[in-house]
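# Survey of secondary and tertiary structure
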Amino acid sequence: MENNLICEGCGVELQTINEKEIGYIPKSSLEKNNLLCKRCFQLRHYNKHETVALESDDFLDMVSSINTTDSLVVHLIDIFDVEGTLLKSLPRIVGANPILLVGNKVDLLPKSTNQRKLKHWLFSKAKEAGINVVDVYLISSSIGHQLDELAVEMEYRRQSKDIYVVGVTNVGKSTFINQFIKRSTGVKEAITTSYFPGTTLGFIKIPLDRDSSLIDTPGIMNRHQMAHYVSKTDLKVITPKKEIKPRNYQLNESQTLFFGGLARLDFVKGDKQTFVCYFANEVPIHRTKLENADSLYERQVGELLSPPDEVTLNELPPLVKNSYRISDEYTDIVFPGLGWVTILNGEVTVNAYAPKGVAVSIRKSFN
Ligand code: GDP
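Parameters and conventions
Residues numbered from 1 in each chain as written. Predicted model: local features only at pLDDT ≥ 70, side-chain atom pairs only at ≥ 80, totals over all residues. Heavy atoms only, no water. Helix = DSSP H or I, 4+ residues; strand = E, 2+ residues; numbered from the N terminus. Rg over C-alpha atoms; globule rule 2.2 N^0.38 Å. Buried < 20%, exposed > 50% of the residue type's maximum accessible area, 1.4 Å probe, protein only. Contact = heavy atoms within 4.5 Å. Areas by Shrake-Rupley, 256 points an atom, 1.4 Å probe, with all protein chains shown as cover. Lys, Arg positive; Asp, Glu negative; His and termini not counted. Charge placed at Lys NZ, Arg CZ, Asp CG, Glu CD. Domains from an automatic or database assignment. Buried area = accessible area lost by both parts, 1.4 Å probe. Salt bridge = Lys/Arg side-chain N within 4 Å of Asp/Glu carboxyl O. Polar contact = N/O pair within 3.5 Å; in protein donor to acceptor, adjacent residues only side chain to side chain. Nonpolar A, V, L, I, M, F, W, Y, C, P; charged D, E, K, R; others polar. Near = heavy atom within 4 Å. Patch = residues over 30% accessible without salt bridge, like charges linked within 9 Å, V, L, I, M, F, W, Y side chains within 5 Å. Pairing = 2+ DSSP bridges. Axes fitted to C-alpha atoms, helices over the stretch in contact; angles between N-to-C directions.

### What to know about the overall build of the protein
Looking only at helices and strands, the protein has 11 helices and 18 strands in total. Over its C-alpha trace the protein gives a radius of gyration of 22 Å, about what one expects of a compact globule, namely 21 Å for 367 residues. With respect to the principal axes defined by its C-alpha atoms, the protein has extents near 70 × 45 × 30 Å. Here the protein holds 367 residues, and 55% of them are scored as buried. Restricting to contacts in the protein with at least 6 residues of sequence separation, those with at least 24 account for 71%. When the accessible surface of the protein is split by element, carbon and sulfur atoms take 49% of a total near 17,100 Å². In the protein, 43 side chains carry a positive charge and 44 a negative one; their mean positions are 4 Å apart.

Here you go:
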């Protein structure tokens, strides 16, 4: 923006172009005395918080300053999209500070899920990525599950220091922070006076006590998230809104399942068995013969096999095949950001297809 106007709340450079991006201010507000970006304005006037997004390089530049602080880091991820939301660059960003890993949206998991196993898997995923975490919490920001317990843990771990909350967009960071604000009685007044001169560039501070704050950092956009390949309408369809109902398919070899037209699983070889599918209840699953699958996809993608809708189809990278030979029983094929399929007996060969850039993976099932 001309004259490089700065938000008086968080110090970020103001812009009037993109509401979803950092530093947005409506043109009409430029005349005001107190110039606040939308994020600071909402926090200040409504105690409501909103996460904004940054591209990865800007994000890294900005949040890497955390590594020069002495603080606790809370890394929020979406348990339905661990590959897409776990920040591999976290150690670089936060330096030696302790990291609490928090898996959000557990309310969507079927009741049968063994949360102890899920927690264990998250520990190992973090370790694989070179991220040392002090503990893992499974929460639901929207229904408040485990939030009080997490708040106690954060209080204990922070040892009177600041807390930085870090996460990819769409993991539920705003919902989490809003819940946190709501629950922190006595802090309300402090929030409205949370007013920091432009030194922190986009970090929003929510005072915890006189000397320390919970600090929100801008959300990072991860281009490998399924969420970035689909239209808004499709995102609504593929994002579970309530507890997922597993759908069972008895499959013979040489059969294929389509998950809308966004992913596909071929049962290439093995004994007849059950494939348990965990996707948003609104995602249609279509079964066909493997030999017909290619032509069905060509003819019906966006029609019978939808989502994708027309908008998504224009952007969607081609589906890419990954082959797996699976020996173990209870193995999950994971389509990050979309769902997963549990193969009950094992001893199978399967091909799993997802849009190029979305990394399919396998894991031991949580059930
Ligand atoms: P942010 O981009 O990280 O700030 O994410 P938001 O807080 O805006 O949340 C992204 C989407 O996830 C919204 O549709 C929320 O309603 C939803 N969401 C956030 N937390 C939860 C949760 O614990 N459970 C469920 N089911 N949805 C959630």
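### Notes on the domain arrangement of the protein
Parsing the protein into structural domains produces domain 1 (56-222) and domain 2 (237-364). For domain 1 and domain 2, the distance between their C-alpha centres works out to 31 Å. Of the residues lining the interface, nine residues belong to domain 1; the matching set on domain 2 comes to 15 residues. Taken over both partners, the interface formed by domain 1 and domain 2 buries close to 1,100 Å², and the fraction arising from carbon and sulfur atoms is 62%. The three residues of domain 1 that bury the most area against domain 2 are Phe80, Leu108 and Pro110, which together make up 47% of that side's buried surface. Seen at the junction of domain 1 and domain 2, the total is one salt bridge. Note that Lys111 and Glu243 form a salt bridge whose closest N and O atoms lie 2.6 Å from each other. Linking domain 1 with domain 2 are four residue pairs in polar contact (both at pLDDT 80 or more). Of the residues belonging to the side of domain 1 that touches domain 2, the class tally is five nonpolar, no polar and four charged.

### What to know about the site of the ligand
Taken together, 16 residues are adjacent to the ligand, and Asp107, Asn170, Lys173, Ser174 and Thr175 come closest. Within the side chain of Ser142, one N or O atom sits 2.9 Å away from a nitrogen atom of the ligand. Against a free-state accessible area of 580 Å², the protein chains account for coverage of 73% of the ligand. For the shell around the ligand, the leading source of residues is helix H7 (residues 173-183), giving three residues. The residue makeup of the shell around the ligand, split by class, is three nonpolar, 10 polar and three charged.

### Overview of a positive patch on the surface
Together, Lys20, Lys232, Lys236, Lys241, Lys242 and Lys245 make up a region of like positive charge exposed at the surface. On the secondary structure map, Lys245 appears in the loop between helix H9 (232-238) and strand E9 (247-251). Look at Lys245 and you get exposed, because its relative accessible area is 51%.

### Some remarks on the sheet that holds strand E6 (residues 204-207)
Across the sheet, which stays open at both edges, the six strands sit in the order E4-E3-E2-E5-E7-E6 with mixed pairing between neighbours. With one partner strand each, in any of the chains shown, strand E4 (135-138) and E6 form the two edges of the open sheet. The sheet shows a mean angle of 25 degrees between the axes of neighbouring strands, direction not considered. Across six bridges, strand E2 (residues 71-78) lies against strand E3 (residues 99-104) in parallel orientation. From the neighbouring strand, Ile77 faces E3, where its bridge partner is Gly103. In the packing of helix H6 (residues 147-158) onto the sheet, the strands contacted are E2, E3, E4, strand E5 (162-167) and strand E7 (213-216), and the crossing angle to E4 comes to about 160 degrees. Sitting on the sheet, H7 touches E2, E5, E6 and E7, and the angle it makes with E5 is about 150 degrees.

### A closer look at the environment of Tyr278
Its place among the elements puts Tyr278 in strand E12 (residues 273-279). In sequence terms Tyr278 and Ala354 are 76 residues apart; their C-alpha atoms lie 15 Å from each other. Residues within four places of Tyr278 in sequence aside, it is in contact with Pro110, Ile244, Pro246, Leu338, Gly339, Trp340, Thr342 and Asn367.

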